[in-house]
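Structural description and commentary
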Amino acid sequence: MKFELSDDQRAIQKWAKNFAQAVVAPAVSKLSDSDKLPMDLLKKLSTEGFMSLMVPEAKGGAGLDSLSFSLVITELAKICASTSISVAVSNMIADVLVREGQEHHHDKFLSQLLSGESPTASFCLTENSSGSDASALQMTAKKEGDHYCLNGEKIYVTNGAFSNFFLVMARTTTEVKGSKGVSAFLVPRASKGVVIGKEEDKMGLSASSTIRMVFENVMVPESDRLLNDGEGMQVALRALDGGRISVASQALGVARRSLEAGIEYAKLREQFGKSLSEFQAIQWKIANAATELSAAELLIRRAAWLKSQQRPHRLEASMAKLFSTEMAIRLCNEMIQIHGGYGYIKDYPVEKYYRDVRVTSLYEGTSEIQRTVIAKNILGGL
Amino acid sequence: MNFDFTDEQIAVRDMAKDFADRKVRPLADELDKTGRYPQELIKEMAELSLMGMCVPEDLGGAGMDMLAYVLALEEISTACASTGVIMSVNNSLVCEPIKRFATDEQKQKFLIPLARGEKLGCYALTEPNAGTDAGHQETKAVKKGNNFILNGTKQFITNGAEADLCIVYANTAPEKGVKGISAFIVDTKSAGFKIAKKEKKLGIRGSSCVQIVLDNVEVPKDNLLHREGEGFKVAMSTLEVGRIGIAAQALGIGQAALAASIKYSKEREQFGQPIANFQAIQFMIADMATRLDAARMLTYKAAQLKGTGARTPVESSQAKLYASEMCMYNAWAAVQIHGGYGYVEDYIPERLFRDAKICEIYEGTNEVQRILIARNLIKEGLSDL
């Protein structure tokens, strides 16, 4: 075993850290809870290569391995959790295009992510009635000649306000229930019948865009379907495997900043004539937080490393996601506790960290789904 | 980064697992019930070079790296935590400080038989009034000619009833406090070295835990380990290795709890189906497995770093803290999954639950680990992610 990053990985980490501090931080520092990420920041991220990190260099991407990708997401999340999820989801779609797409998909869609024409990309999977039970989705795609006609509603579409195209999961047959009837389509924003719905008003990640969408008789050429008819859920599940590492990396970054803030505050704040950091009650919170943070970091790195090696990593990715996100939520809560009343007001950053990080155990597979994946892996065919 | 084990580490782990499955596991229940010291196992473990794993081969050891040691200790502890702690004390607390701090002569005389397993070691730091506050040593060592005369009482000494050699901490200059503490290698057959009491314990009953009274024990000054007055440094550096050993023991108990729970939940039927089909059980198993892997990562990382000779004040404490709490949780969950059967002696979880508890206490309580971690981070800041 070797726990040190390679020189290349260190360099990538530094590149992301510098960009996050020099470009992202000033762009997001004055945003209010009702503001979204500025388009020119997203475009800059896109043209700098942040939206296509693992796309091979031959295709215009940065050609990073999964571990380096994880490091970048963590560095962005330290500065802005909304930016990190926007980047993570765009990369997920970029990877889908590389993995499952053909040359003409690259020309038509991937190129837009590289040039900033579509600074982000979006994934339309969740519906009103299908969350964890994703393959129960009801949106239909009816074959009409060499086109499909899409009808239905999607919710929780991250980057919805920014993206020029969407990866949409829809059911091509009602004969087959469950995952086998689902296909994956690439749908331009400008398509007739695409209705951009309302922005969700969220607890945290307020600068990221999360929208509802309606598809009314949207005609999609057969050539914009990924893989074969009925293979859509495979596309989705492979995408989510990587997404779990992203979200874990995001949670790690936010938690790290929250812990730094907690330690800083504990050192400065005095009560009963001494620094808070001298009280065991506070020391314990810091020790627990730092220990769990270290464990989360290692679980994430292991999963990302396995993915980099193209080795099986579904179990490890679920463990990393489950552990890291639940750790991060606990940690961010405890750092508010260290701040006392000041932790509850917006002058201190820990209030925002808690709201931002809370979603991480919900999206890209709830903790409950991760536990189910882990248990099934361990217990075998149940 | 690389999360693969070396071929050598895999070979050592497999060898230890094979031995644990064939020889150790069948005895674990009897050792727990009788409190008997597993003489025959320790002899065979010595033949397999498991008693001085990180000692160089020319000094009687196996010349392995620390991660290989952790993997072997984890496998032995999966079968029997009592046997695990006997191995851990000899390797981590006795061979390591002698390897690191002893003179060449001392190594020839003491380390070779310890590493070969011809002699067994124990480690005497704790006193009736010096537990977590280990620097508060009341045992005194007074120089007299070529000897030191030791007087005092040592408490909770694992392997104490069987050991041939004991590393004893005593104060050679009480007015200097912690800076007056020195470490000695003491022959347990010395006149005045008395086993005053054998403790009856909640768990790890197959290993001995005794009170030692030192009544005018004469120790040659050649047996001083490291320099006079630098005993506490020896103690603290040794505990960094010791904590990795206890973390490895905790991994073994945690793994045993998980394995028992998987097996039982697939066999046990209620409401017409295996209880493994129920989410309540699945989720406990998922949490056990996830925490176990998190603890493994922390422990392997600490071992890897320690193996390079680095100080690991934070890493060792984090590994010990997290792994011990994981194993307590896993043992609790194993009892819970077994229901009433988890509470009776016929099933393994009852023993695991009792064995697990000690990991949160010895080699520095978890309270001390937290203080060490927090103090270090508050002073030095967080290391880079």
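Higher on the page you've got the structure.
Right, let's walk through the structure included here. (Residues numbered from 1 in each chain as written. Chains lettered and ligands numbered in written order. Predicted model: local features only at pLDDT ≥ 70, side-chain atom pairs only at ≥ 80, totals over all residues. Heavy atoms only, no water.)

The helix and strand inventory of chain B stands at 10 helices and 10 strands. Expected size for 385 residues packed as a compact globule is a radius of gyration near 21 Å; at 21 Å, chain B falls within 12% of this value. Projected onto its principal axes, the C-alpha coordinates of chain B cover approximately 80 × 50 × 40 Å. Once the 46 positive and 50 negative side-chain charges of chain B are each reduced to a mean point, those two points are 4 Å apart. (Helix = DSSP H or I, 4+ residues; strand = E, 2+ residues; numbered from the N terminus. Rg over C-alpha atoms; globule rule 2.2 N^0.38 Å. Lys, Arg positive; Asp, Glu negative; His and termini not counted. Charge placed at Lys NZ, Arg CZ, Asp CG, Glu CD.)

Moving on: empty space enclosed by the protein. Residue and element names in this part refer to chain A. One pass over the structure, following the stated rule, counts three cavities of 30 Å³ or more. Considering only enclosed or pocket space, the largest cavity measures out at about 100 Å³ in volume. As for the largest cavity, its lining consists of 15 residues, and the residues nearest its centre are Met54, Asp95, Gly242, Gly243 and Lys307. At six residues, helix H6 (residues 232-268) tops the list of elements feeding residues into the lining of the largest cavity. In terms of residue class, the lining of the largest cavity is made up of six nonpolar, five polar and four charged. (1 Å grid on protein atoms, 1.4 Å probe; cavity = no way out; pocket = protein on both sides within 12 Å on 5 of 7 lines; lining within 4 Å. Points joined across faces, edges and corners; volume = space filled by probe spheres on them. Nonpolar A, V, L, I, M, F, W, Y, C, P; charged D, E, K, R; others polar.)

Looking now at the interface of chain A and chain B. Contacts between the two partners involve 48 residues from chain A and, on the opposite side, 42 residues from chain B. Roughly 4500 Å² is buried in total at the junction of chain A and chain B, and carbon and sulfur atoms are behind 70% of that figure. Contact with chain B buries surface across chain A, with Met1(A), Phe3(A) and Leu379(A) losing the most and accounting together for 19% of the total. Ionic pairing is found between Asp293(B) and Arg302(A), a salt bridge with its closest N-O pair at 2.6 Å. In this assembly, chain A and chain B are joined by 14 residue pairs in polar contact (both at pLDDT 80 or more). Mapped onto the side of chain A that touches chain B, the elements with two or more residues apiece are helix H1 (7-28), helix H3 (66-79), H6, helix H7 (280-308), helix H8 (314-339) and helix H10 (367-379) of chain A. Among the elements that line the side of chain A that touches chain B, the one with the most residues is H7(A), at 18 residues. (Contact = heavy atoms within 4.5 Å. Buried area = accessible area lost by both parts, 1.4 Å probe. Salt bridge = Lys/Arg side-chain N within 4 Å of Asp/Glu carboxyl O. Polar contact = N/O pair within 3.5 Å; in protein donor to acceptor, adjacent residues only side chain to side chain.)

Take the pairing of strand E4 (residues 165-171) of chain A next. All names here are of chain A. The element E4 is largely enclosed, with a buried count of seven among its seven residues. Of the two faces of E4, the one lined by Phe165, Leu167, Met169 and Arg171 and the one lined by Phe166, Val168 and Ala170 are each fully buried. Direction of pairing for E4 relative to strand E5 (residues 182-188): antiparallel, over a ladder of seven bridges. Each residue of the ladder has a partner; that of Arg171, found in E5, is Val182. (Buried < 20%, exposed > 50% of the residue type's maximum accessible area, 1.4 Å probe, protein only. Pairing = 2+ DSSP bridges.)

Just distances and angles here, no functional claims.
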